[in-house]
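Take a look at the letters that make up each chain.
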Amino acid sequence: MNTQLEMKQKLEALQSKASVRILAMESSCDETAAAIIENGRTIVSSVIFSQVDTHALYGGVVPEIASRAHVDACDRVIDQALLEANMTFSDVDALAVTYGPGLVGALLTGVNCMKGLSYTTRLPLIPVNHIEGHVSANFITTAELEPPFICLVVSGGHSHIMKVNDYGEYTLLGQTVDDAAGEAFDKAARVLGLNYPGGPLLSKLAEDGDDTYLKLPNPKVEGRYDFSFSGLKTAFLNACHKMTQNGQELPRADLAASFERAVVDSLCAKAVLAVKESGLQTLCLAGGVSANRRLRAQMTELSRKHGFKLCMPELWLCTDNAAMIGSAAYYEMKKGTLADLSLNAIPSAALQVKKK
Ligand code: KG4
Ligand code: ZN
C-alpha cells in the first residue's frame, strides 16, 4: 500500500482510540529530549539530555556543536524513554517531532531521526511547532485545563500574548517588538559576568538584591499588548558601563534585582490587561522564562487580586522538553495533522495565528 495512505489511515484510526501513546522528540536548541505521552496529558516517560555544560564553555549556544551533540544523543534518549516506560515501538501509536522554530541544524537532527523511525516502524509522524509545545506544557500540569484561555509565552526567542481559542488555534494579541524576554535576561546576565544560560543565574543573584536600586525606563510601545525590552536592556548596559568606567564595583545583586523587576513588571502588566479585556478567566504561562521565580510569584498575587485562574507548567516543563511536544502532538493528531517524508526543519516557523 502507498505509505502515506497507510499513515493517514493509521492516524485516523487513532482519533477514536481510547488510549493513544505518542513518542515525541525535541531538538530545537540545546536539549535533546524524548518522551512518551498518553492522551496528551500523562507523562509515561521523559528523558532530557542537556548540552548546557558544553555550550557554557563558549558563553552561549554554538549551533554546529549543538547539531553534533544532538546526533550523538538522539538514539540514546529515545532508547531511554522506551526503557523507562518499559515499552517497545509496538506499544507506541505515533511519533512526533519539533520541526521549528529553532536552530536549523539542531532541528534537522530530530526531524531526520524521526522520519527514519517513522519509515522503519511504520508509525505516523506528527510535526509540532515548538511554541505550541510550550503552550501545551500546561495541559500536562493542569489536568482540567481546556481552551479558551490567554497564554503568555516567554522563551529565549519569543514573547507573545495569545488567545488560545481551541487546541492548536491561536489569536495573536501582542508580541515583543524587539528582544524576547529570555534574550534580554541573557544579555543583562552577561554584563553582570554571569555565564550561559544567564536567565536563571541572574534570577538567583537577584534573590539577595534591592530591586529599587536602579530605576529603568518604562518601555513605550504602540500595541496595547506588545512588549519592548531593548530600551530596558540598553539603559541597563549603559548604567553598568558607566559604573565600571567610574571605577565603581558593580552592586551585582541589586542590578540583577532591578532588571528582573523591570522585565517582570512589564510582562505582568500586559498579560493581566489581556486577561481582563478578553473576558476570559484563565491565564497560562509558558516558555523558559515562566520558570522565573519572581514572575511566578507576582502573577500568583495578581491572579488572586483580579480573580483569574493562573496555570503554570511545573518548573522542569517550562524549559525545553519532549513531553510538551507529545502533548501538542496529541491534539494535532485529533485534527489530522500528519507529516510525510518530505518534512523539513523550518527555523523561523511561525504559529498559525488568526489576526485580532
Ligand atoms: O523555552 P526555552 O527553554 O528555550 C527557547 O525556546 O528559547 O527558554 C530559554 C530561555 C533562556 O533565555 C533562559 O535564560 C530563560 O529562558 N530562562 C529564565 C529562567 N529560566 C530560563 N529566565 C529568567 N529566569 C529564569 N528562572
Ligand atoms: Zn523552548
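Residues numbered from 1 in each chain as written. Chains lettered and ligands numbered in written order. Predicted model: local features only at pLDDT ≥ 70, side-chain atom pairs only at ≥ 80, totals over all residues. Heavy atoms only, no water.

A. Examining the side chain of Thr-282 more closely. Among the structural elements, Thr-282 can be located in strand β9 (residues 282-286). The buried category is assigned to Thr-282, whose relative accessible area is 11%. If we skip the residues at most four places from it in the chain, Thr-282 touches Leu-145, Phe-149, Ile-150, Lys-309 and Cys-311. (Helix = DSSP H or I, 4+ residues; strand = E, 2+ residues; numbered from the N terminus. Buried < 20%, exposed > 50% of the residue type's maximum accessible area, 1.4 Å probe, protein only. Contact = heavy atoms within 4.5 Å.)

B. Geometry of the site of ligand 1. In the neighbourhood of ligand 1, 18 residues make up the surrounding shell, with His-134, Gly-156, Asp-186, Gly-288 and Asn-292 lying closest. Gly-182 has a polar backbone atom sitting 3.2 Å from an oxygen atom of ligand 1. At 2.6 Å from an oxygen atom of ligand 1 is found a side-chain nitrogen or oxygen belonging to Asp-186. When ligand 1 sits alone it has 550 Å² of accessible area, and the protein chains cover 86% of it. Taken atom by atom, the bulk of ligand 1 overlaps the largest pocket. Of all elements in the fold, only α5 (130-141), α6 (181-191) and α7 (198-206) reach the threshold of two or more residues within the shell around ligand 1. Looking at the shell around ligand 1 residue by residue, the classes come out as four nonpolar, 12 polar and two charged. Both domains that furnish three or more residues to the shell around ligand 1 are identified here as domain 1 (3-136 + 319-355) and domain 2 (145-315). (Near = heavy atom within 4 Å. Polar contact = N/O pair within 3.5 Å; in protein donor to acceptor, adjacent residues only side chain to side chain. Areas by Shrake-Rupley, 256 points an atom, 1.4 Å probe, with all protein chains shown as cover. 1 Å grid on protein atoms, 1.4 Å probe; cavity = no way out; pocket = protein on both sides within 12 Å on 5 of 7 lines; lining within 4 Å. Sits in = over half its atoms within 2 Å of the grid points. Nonpolar A, V, L, I, M, F, W, Y, C, P; charged D, E, K, R; others polar. Domains from an automatic or database assignment.)

C. Expanded view of the coordination of the zinc ion (ligand 2). Looking at the zinc ion (ligand 2), one finds its protein donor set to be His-130 (NE2), His-134 (NE2) and Asp-320 (OD), positioned 2.0 to 2.1 Å from the metal centre. Donor residues binding the zinc ion (ligand 2) come from one chain and are separated in sequence as H-x3-H-x185-D. Pair noted here: His-130 and His-134 are both in helix α5, with a separation of four residues, about one helical turn. (Donors = N, O, S within 2.8 Å, 3.2 Å for Na, K, Ca; no water.)

D. Examining the pattern of salt bridges more closely. Tallied over the full model, the rule gives 18 salt bridges. Of the charged contacts, one joins Lys-17 and Asp-93 as a salt bridge, the two residues approaching to 3.0 Å between their closest N and O atoms. Within this pair, whereas Lys-17 is found in the loop between α1 (3-14) and β1 (21-26), its partner Asp-93 is found in the loop between α3 (63-85) and β4 (94-100), the two being separated by 76 residues in sequence. Of the residues examined, Lys-17 reaches a relative accessible area of 37% and is grouped as partly exposed. (Salt bridge = Lys/Arg side-chain N within 4 Å of Asp/Glu carboxyl O.)

E. Expanded view of the domain arrangement of the protein. Domain boundaries assigned for the protein yield domain 1 (3-136 + 319-355) and domain 2 (145-315). The C-alpha centroid of domain 2 is placed 28 Å from the C-alpha centroid of domain 1. At the interface, 22 residues of domain 1 touch 22 residues of domain 2. Counting the contacts that link domain 1 with domain 2 gives zero salt bridges.

F. Structural view of empty space enclosed by the protein. Inspection of every chain in the model, using the stated rule, returns one cavity of 30 Å³ or more. Residue lining of the largest cavity: Glu-132, Val-135, Ser-136, Phe-139, Val-164, Tyr-167, Gly-168, Tyr-170, Ala-328 and Tyr-331, and that is the complete set. At the level of elements, α5 and α12 (323-334) are the ones that each hand at least two residues to the lining of the largest cavity. Broken down by element, the residue count for the lining of the largest cavity peaks at four residues, all from α5. The residues that make up the lining of the largest cavity include at least three from each of domain 1 (3-136 + 319-355) and domain 2 (145-315). (Points joined across faces, edges and corners; volume = space filled by probe spheres on them.)

G. Quick peek at the pairing of strand β8 (residues 169-175). Of all seven residues in β8, five are buried, a share of seventy percent or more. Bridging between strand β7 (residues 159-166) and β8 involves six bridges; their strand directions are antiparallel. Paired with Met-162 across the bridge in β8 is Leu-172. Linking β7 back to β8 in an antiparallel pair, the connection comprises two residues, with Gly-168 at a positive phi of about 70°. As judged from the two bridges shared by β8 and strand β11 (residues 353-354), these two strands associate in the parallel manner. Note on β11: the bridge partner recorded for Tyr-170 is Val-353. (Pairing = 2+ DSSP bridges.)

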